[in-house]
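Structural overview
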Amino acid sequence: MPSPAVARLVVLVSGAGTNLQALLDAAAEPSYGARVVAVGADRDDIEGLARAERAGLPTFVRKVSQFETREGWDRAMRDIVSRFEPDLVVLAGFMKLVGEDFLAAFDGRVLNTHPALLPAFPGMHAPSDALAYGVKASGATLFVVDGGVDSGPIVAQVTVPVEPDDTVETLHERIKVAERTMLVDSVGRLAREGFTITDRKVRFGR
Ligand code: GRF
């Protein structure tokens, strides 16, 4: 991606939106190099959307149930996100897989953050799966979305310890603290420096 003066981010959320909030807070500083131009969701009444509204940002909701097919939903998401002309699309706790049409429109510029050290524990229940497996460390992964499930080229990873008395909630919360810092640092660098992907290797710079 070439680096525009200030990169335009569209962020998609499904829940609390603490990762979104971290991006909003970082982008308040012009030197960050990116700003959030719109926030979308696949459901109503979530704190992520409320955070965007409080920040005065345009929001949109496209629910899968509003469409006859999953492909129709995917195209609708593509169309509304396109209107905001994003340089990067950040899936920040967005609990849906985007499809082929969406990815074709924003080729190589869709990022997702996942609460595990990929390729371990892909899917919807990563903190729970990591805990059940008995790993002693976990963390978060920022990756460029491809057509698979949490399988794209890795931009950054951060590790946290798993404590003996952890519950899914305490582990996920520890991961999320580290995840937000990683997301903010990496998205800022991607925006300011640009990046290339060769043989799955993501490198900052042009
Ligand atoms: C994050 O841990 C993300 O990786 C996972 O769900 C969480 C979303 O948190 N998919 P939030 O909505 O940003 O607070």
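Figured I'd write up the structure that's included with this text. Per chain, residues are indexed from 1 in the order of the written sequence. Totals for whole chains, interfaces and linings use every residue, but because this is a predicted model, local features are given only for residues with pLDDT of at least 70 and side-chain atom pairs only at 80 or more, for both listing and counting. Here the side-chain values reflect all heavy atoms present in the structure, with hydrogen atoms and water set aside.

Let's talk about the packing of aromatic side chains
Between rings of Phe, Tyr and Trp, where Trp is taken as its six-membered ring, a pair exists when centres lie within 6.5 Å; planes separated by under 30 degrees are stacked, by over 60 edge-to-face, and by other angles tilted. Summed over the entire model, instances satisfying the criterion amount to four aromatic pairs. An angle of 15° between the planes, with centres 5.9 Å apart, marks the rings of Phe60 and Phe84 as stacked. One end of the pair, Phe60, is in strand β3 (residues 59–61); the other, Phe84, is in the loop between α3 (70–83) and β4 (88–91), and 24 residues separate them in sequence. Throughout this description, the term charge over a ring refers to an Arg CZ or Lys NZ atom that lies within 6 Å of the ring centre and within 35 degrees of the ring normal. Stacked on the ring of Phe204, the Lys or Arg Arg189 has its end atom at 3.9 Å from the ring centre. Helix and strand labels come from DSSP, where a helix needs a run of H or I of at least four residues and a strand needs a run of E of at least two; each type is numbered from the N terminus.

Concerning helix α1 (residues 18–27)
For α1, the tally of buried residues reaches eight of ten residues, placing the bulk of the element in the interior. Those residues of α1 that fall on the buried side of the exposure criterion are Thr18, Asn19, Leu20, Ala22, Leu23, Leu24, Ala26 and Ala27. Taken together, the buried residues of α1 touch β1 (7–13), β2 (34–41), α2 (47–54), β4 and α6 (168–193). Think of it in three bands: with a 1.4 Å probe and only protein chains considered, a residue is buried below 20% of the maximum accessible area for its type, exposed above 50%, and partly exposed in between. Whether two residues are in contact is decided by their heavy atoms, any of which lying within 4.5 Å being enough.

Notes on the packing of α1 against α6
Axes, fitted as lines to C-alpha atoms, cover a helix only where it is in contact. Angles between the N-to-C directions of the axes lie from 0 to 180 degrees. Where α1 meets α6, the closest approach of the two axes is 9 Å, and the angle between their N-to-C directions is 40°. One finds that α1 runs oblique with respect to α6. Crossing angle aside, the handedness with which α1 passes α6 is right-handed. When α1 is examined against α6, the residues Thr18, Asn19, Ala22, Leu23 and Ala26 are found in contact with a partner set consisting of Lys176, Glu179, Arg180, Leu183, Val184 and Val187. Gly is put with the polar residues, along with every residue not named as nonpolar or charged; the nonpolar set is Ala, Val, Leu, Ile, Met, Phe, Trp, Tyr, Cys and Pro, and the charged set is Asp, Glu, Lys and Arg. Grouping the amino acids of the contact of α1 with α6 by side-chain chemistry returns six nonpolar, two polar and three charged. Oblique is the label for any angle not under 35 degrees, not over 145, and not in the 65 to 115 range, which are roughly parallel, roughly antiparallel and roughly perpendicular in turn. Crossing handedness is read from the near helix: turned anticlockwise from the far helix by less than a right angle, it gives a left-handed crossing, and turned clockwise, a right-handed one.

Topic: the site of the ligand
Taken together, 13 residues form the shell around the ligand, and within it Gly17, Thr18, His172, Lys176 and Glu179 come nearest. Within the backbone of Ala16, a nitrogen or oxygen atom sits 3.3 Å from an oxygen atom of the ligand. Lys176 is positioned with one of its side-chain polar atoms (N or O) 2.7 Å from an oxygen atom of the ligand. When residues of the shell around the ligand are traced back to their parent elements, those giving at least two are α1, β5 (110–114) and α6. With three residues, α6 is the largest single contributor of residues to the shell around the ligand. When the residues that make up the shell around the ligand are grouped by side-chain class, the tally is three nonpolar, eight polar and two charged. Throughout, the term near means that a residue has one or more heavy atoms lying within 4 Å of the molecule or strand in question. Definition of a polar contact: a pair of N or O atoms within 3.5 Å, with one able to donate and the other able to accept a hydrogen when the atoms are protein atoms, and with sequence-neighbouring residues admitted only if both atoms are side-chain atoms.

Things to note about the sheet that holds β1
By definition, two strands form a pair when at least two bridges between them are found by DSSP. A sheet is described by the order of its strands in space; here seven strands give the open sequence β3-β2-β1-β4-β5-β6-β7, paired in mixed fashion. For this open sheet the edge positions go to β3 and β7 (154–161), each flanked by a neighbour on one side alone. Averaged over all pairs of adjacent strands, the angle between their axes in this sheet comes to 20°, without regard to strand direction. As judged from the three bridges shared by β4 and β5, these two strands associate in the parallel manner. Residue pairing in the sheet places Val90 in a bridge with Leu111 of β5.

Some points on α3
To estimate the expected span of a helix, subtract one from its residue number and multiply by 1.5 Å. Between its first and last C-alpha atoms α3 spans 20 Å; for 14 residues at 1.5 Å apiece the expected length is 20 Å, and the two agree. Every buried residue of α3 is listed here: Gly72, Trp73, Asp74, Ala76, Met77, Ile80 and Val81. Check the buried side of α3 and you find it contacts β1, β2, β3, β4 and α4 (100–105). One or two positions beyond α3, positive phi appears at Glu85, with a value near 45°.

Structural notes on the nonpolar core
What is meant by a nonpolar core is a set of buried Ala, Val, Leu, Ile, Met, Phe, Trp, Tyr and Cys residues, joined one to another through side-chain atoms within 4.5 Å. The biggest cluster of nonpolar side chains holds 47 residues, and the ones touching the most others in it are Val11, Leu23, Val36, Val39 and Leu111. It is α6 that contributes the most residues to this core, nine residues altogether. Discounting residues that sit within four places of it in the chain, Val39 has contacts with Val11, Val13, Leu20, Gly48, Leu49, Ala52, Leu57, Pro58, Thr59 and Phe60. Counting residues in each nonpolar core, the second largest holds 21 residues, with Val10, Trp73, Met77 and Val110 among its members.

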